[in-house]
Amino acid sequence: MKEKDPRQIQAELAMPFAPEDLEWRLQKVVEARELGIAVPYVTNRAIMSRLDDVVGPENWYNEFKPWHGAGGKDAQLCGISIRFGDGWITKWDGAEDSDIEPVKGGLSDSMKRAAVQWGIGRVLYNMDVVFVDVEKRGKTWYIKKDQQERLDYAYLKMLGKLGLTPAPAGGLRPQAEPEGGKGPADQGKPAEQASGKPAGGNKPKGVAYIIRQARINKGMNSGSTLLRLESSKGDKLDAFVRGEHPELAVGVILVNAKLEKRQQDTIIYYMLEQYEIADAAPKAA
């Protein structure tokens, strides 16, 4: 078989995966709203299958090394090596041990990160924030099972915007954790809990918004705050708030928002008359 050009290998490794080859984790949970932010990862099984298909099982290998951070959690480093001609190139990355099955979780996550160094799954960094309904079982929050269609749609919509088509499924979607029991290490990680306060103990209805851009306009007598908002449904809109509000920063999540539509000539905008701050959005992994 003709040896592949490095650029060809790079392009084939970076091909988008099928939705079935992704797993989703919670990065944030707004407890009082039973709302979460989910982020996708490529499964390790799919990563191994991609490397086998692109370069051949004899032309790659991985290795792990423990790493101890100063004052932090223990971590694992993973190096993925690929043969090019008579030599090997290795790319490394690492991850902290997880809270559940610590070392296993650290090994799994470090391989995912090392794969990104080779372009595998890197397209996932283009994902917008995805809001999902969540439920608590025991002390851990999980994505509700009926949210999978929403997650798949959000992923395929992102690929469509980029003009990309997913490859055929290579791995299998991780099985949902059993009721009352622990699921796979990656699915069972507790999400960070938010500080939102319950409203009467019930989940309020309405759309959540995340602040994408924020700018304070200072005037002689009074100022205003200009926001670019993205809703949990994926809609984007511009909104003004009377006065200077430094707490309305990029990444903050708003719930119970009251927006009044205004129009001046042909310009349509919104006034944010009422809102509650739920929590700040997580940084990218």
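What this report covers is the structure whose coordinates are included nearby. Residue positions within a chain follow its written sequence, with the count starting from 1. With the structure being a predicted model, the display of local features is reserved for residues of pLDDT at least 70 and the display and counting of side-chain atom pairs for 80 or more, all residues being used for whole-chain, interface and lining totals. Note that the side-chain values use all heavy atoms of the structure and ignore hydrogens as well as water.

### Focus on the side chain of Ser-110
Then step 1. A helix here means a DSSP run of H or I that spans at least four residues, while a strand means a run of E at least two residues long, and both kinds are numbered starting from the N terminus. Its location among the elements puts Ser-110 in helix α3 (residues 102-117).
Then step 2. Type-normalised accessible area, obtained with a 1.4 Å probe on protein chains alone, sets the label of each residue: buried when under 20%, exposed when over 50%, and partly exposed for intermediate values. Residue Ser-110 is classed as buried on the basis of its relative accessible area, which comes to 0%.
Then step 3. Here, residues are in contact when the closest pair of their heavy atoms is within 4.5 Å. Apart from residues lying up to four places away in sequence, Ser-110 is in contact with Phe-64, Gln-76, Leu-77, Cys-78, Asp-93, Gly-94 and Ala-95.

### Observations regarding the packing of helix α1 (residues 6-13) against helix α2 (residues 44-55)
Then step 1. Running from N to C, α1 and α2 point in directions that differ by 150°, and their axes come no closer than 10 Å. In this view, α1 runs roughly antiparallel relative to α2, as classed from their interaxial angle. When you trace α1 past α2, the crossing you get is right-handed. Between α1 and α2, the contacting residues are Ile-9, Glu-12 and Leu-13 on the first element and Arg-50, Leu-51, Val-54 and Val-55 on the second. To get an axis, fit a line to the C-alpha atoms, keeping to the stretch in contact for a helix; angles then go from 0 to 180 degrees between the N-to-C directions. Orientation labels follow simple angle bins: below 35 degrees gives roughly parallel, above 145 gives roughly antiparallel, 65 to 115 gives roughly perpendicular, and whatever is left gives oblique. In this scheme, a crossing is called left-handed if the near helix is turned counterclockwise away from the far one by less than a right angle; it is called right-handed if the turn is clockwise.

### As for the packing of aromatic side chains
Then step 1. When the centres of two rings from Phe, Tyr and Trp lie within 6.5 Å, Trp using its six-membered ring, the rings pair. Their planes under 30 degrees apart give stacked, over 60 give edge-to-face, and anything left gives tilted. In this structure the tally under the stated criterion is two aromatic pairs.
Then step 2. Arranged with centres 6.1 Å apart and planes meeting at 20°, the rings of Phe-84 and Trp-118 form a pair that is stacked. Within this pair, whereas Phe-84 is found in strand β4 (residues 74-84), its partner Trp-118 is found in the loop between α3 and β6 (130-137), the two being separated by 34 residues in sequence.
Then step 3. Over a ring means this: the NZ of a Lys or the CZ of an Arg is within 6 Å of the ring centre and within 35 degrees of the ring normal. A cation over an aromatic ring shows up here: Arg-50 above the ring of Phe-17, its NZ or CZ 3.8 Å from the ring centre.

### A look at the sheet that holds β4
Then step 1. Pairing is antiparallel in the open sheet, where three strands are placed in the order β3-β4-β5. Looking at the sheet topology across the chains shown, the edges are occupied by β3 (60-68) and β5 (87-96). Strand-to-strand twist of the sheet, defined as the mean angle between neighbouring strand axes without regard to direction, takes the value 20°.
Then step 2. Relative to β4, β3 runs antiparallel, the two being bridged by nine bridges. Bridge pairing in β4 links Phe-64 to Cys-78.
Then step 3. Strands in contact with α2 are β3 and β4; relative to β3, the strand with the most contacts, it is inclined by about 140°. The pairing criterion for strands is at least two bridges between them, as found by DSSP.

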